[in-house]
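# Structure assessment
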Amino acid sequence: MKRYETRVEGETVYLETDEGDLEIGDLDTIVNVIGNETYTISYDEKQRTQAWLETDEDGRVTFDVRETIVDLDHRREFVDKMRAIDRSEEKYGLPERTVEFAEEIASIFEQQGASTQSE
């Protein structure tokens with residue numbers, strides 16, 4: 001299954017696609033919609049038993065939102081969903097595609113642990 005990279009040029013986030021770069025929006029705006037520069041995921045006792053997972057003593061992992069956005073790659077369905085959103089439309093006074101991308105990324109974060117919180 002092909003994955004599509006995320007790229008930041010200047011302060012603008014793009015998804016690389018077969019049809020060329022898809023502009024998502026301003027990285028600062030995405031971080032603000034997500035909630036903060038860092039994000040903390042809390043894992044329960046069972047989840048902490050995974051060998052690959054390194055948590056603090058309270059079962060939490062905190063990571064840099066900006067770095068994680070750039071490190072993520074996405075399936076075709078995600079790219080198609082973002083492409084279908086008109087960048088000129090607004091949601092909460094911001095470009096709708098930018099907000100929807102941020103909300104999808106936050107949703108991905110939230111699916112990783114038992115509970116999540118922004119720091």
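Provided above is the structure to which this section pertains.
Note on numbering: residues in each chain are counted from 1, in written sequence order. With pLDDT at 70 or above as the cut-off, local features in this predicted model cover only qualifying residues; side-chain atom pairs require 80 or more to be listed or tallied, and sums for whole chains, interfaces and linings still use all residues. As a convention, hydrogens and water are excluded, and side-chain values are obtained from all of the structure's heavy atoms.

Attention shifts here to the sheet that holds strand E1 (residues 4–9). Taken together, the four strands give an open sheet; going across it, the order is E3-E2-E1-E6, and neighbouring strands pair in antiparallel fashion. Whereas interior strands pair on both sides, the edge strands pair on one side only; in this sheet they are strand E3 (22–26) and strand E6 (73–74). Relative to E6, E1 runs antiparallel, the two being bridged by two bridges. Within E6, the position partnered with Tyr4 by the bridge is His74. Strands are treated as partners if at least two bridges between them are detected by DSSP. Strands here mean DSSP runs of E at least two residues long; helices mean DSSP runs of H or I at least four residues long; both are numbered from the N terminus.

You can see Leu27 is positioned in helix H1 (residues 27–34). For Leu27, a relative accessible area of 6% gives the class buried. Taking the C-alpha atoms as reference, Leu27 lies 16 Å from Tyr92; in sequence the two are 65 residues apart. Contact partners of Leu27, with chain neighbours within four places excluded, come to Val8, Glu11, Val13, Arg66 and Ile69. Only protein chains enter the accessibility calculation, which uses a 1.4 Å probe; a residue whose area is less than 20% of its type maximum is buried, one above 50% is exposed, and one in between is partly exposed. By definition, residues are in contact when any of their heavy atoms lie within 4.5 Å.

Here the focus is the nonpolar core. What makes a nonpolar core is a set of buried Ala, Val, Leu, Ile, Met, Phe, Trp, Tyr and Cys residues whose side-chain atoms join them at distances within 4.5 Å. Membership of the largest hydrophobic core comes to 25 residues, with the highest contact counts inside it found for Leu15, Ile24, Ile30, Ile34, Ile69, Met82 and Phe101. When residues of this core are traced back to their parent elements, those giving at least two are strand E2 (12–15), E3, H1, strand E4 (38–42), helix H2 (65–71), helix H3 (76–83) and helix H4 (96–110). Per element, the largest residue contribution to this core is five residues, and it comes from H4.

Let's shift gears to H3. Two residues of an α-helix separated by three or four positions point the same way, owing to the 3.6 residues in each turn. Taken residue by residue, H3 has Phe78, Val79 and Met82 as its buried positions. Projected down its long axis, H3 carries its buried residues within an arc of 100°, all on one side. Considering only its buried residues, H3 is in contact with E1, E2, E3, E6 and H4. The directions considered for the arc are those from the helix axis to the C-beta atoms.

So, to be careful, I would describe these as geometric facts and stop short of saying anything about function.
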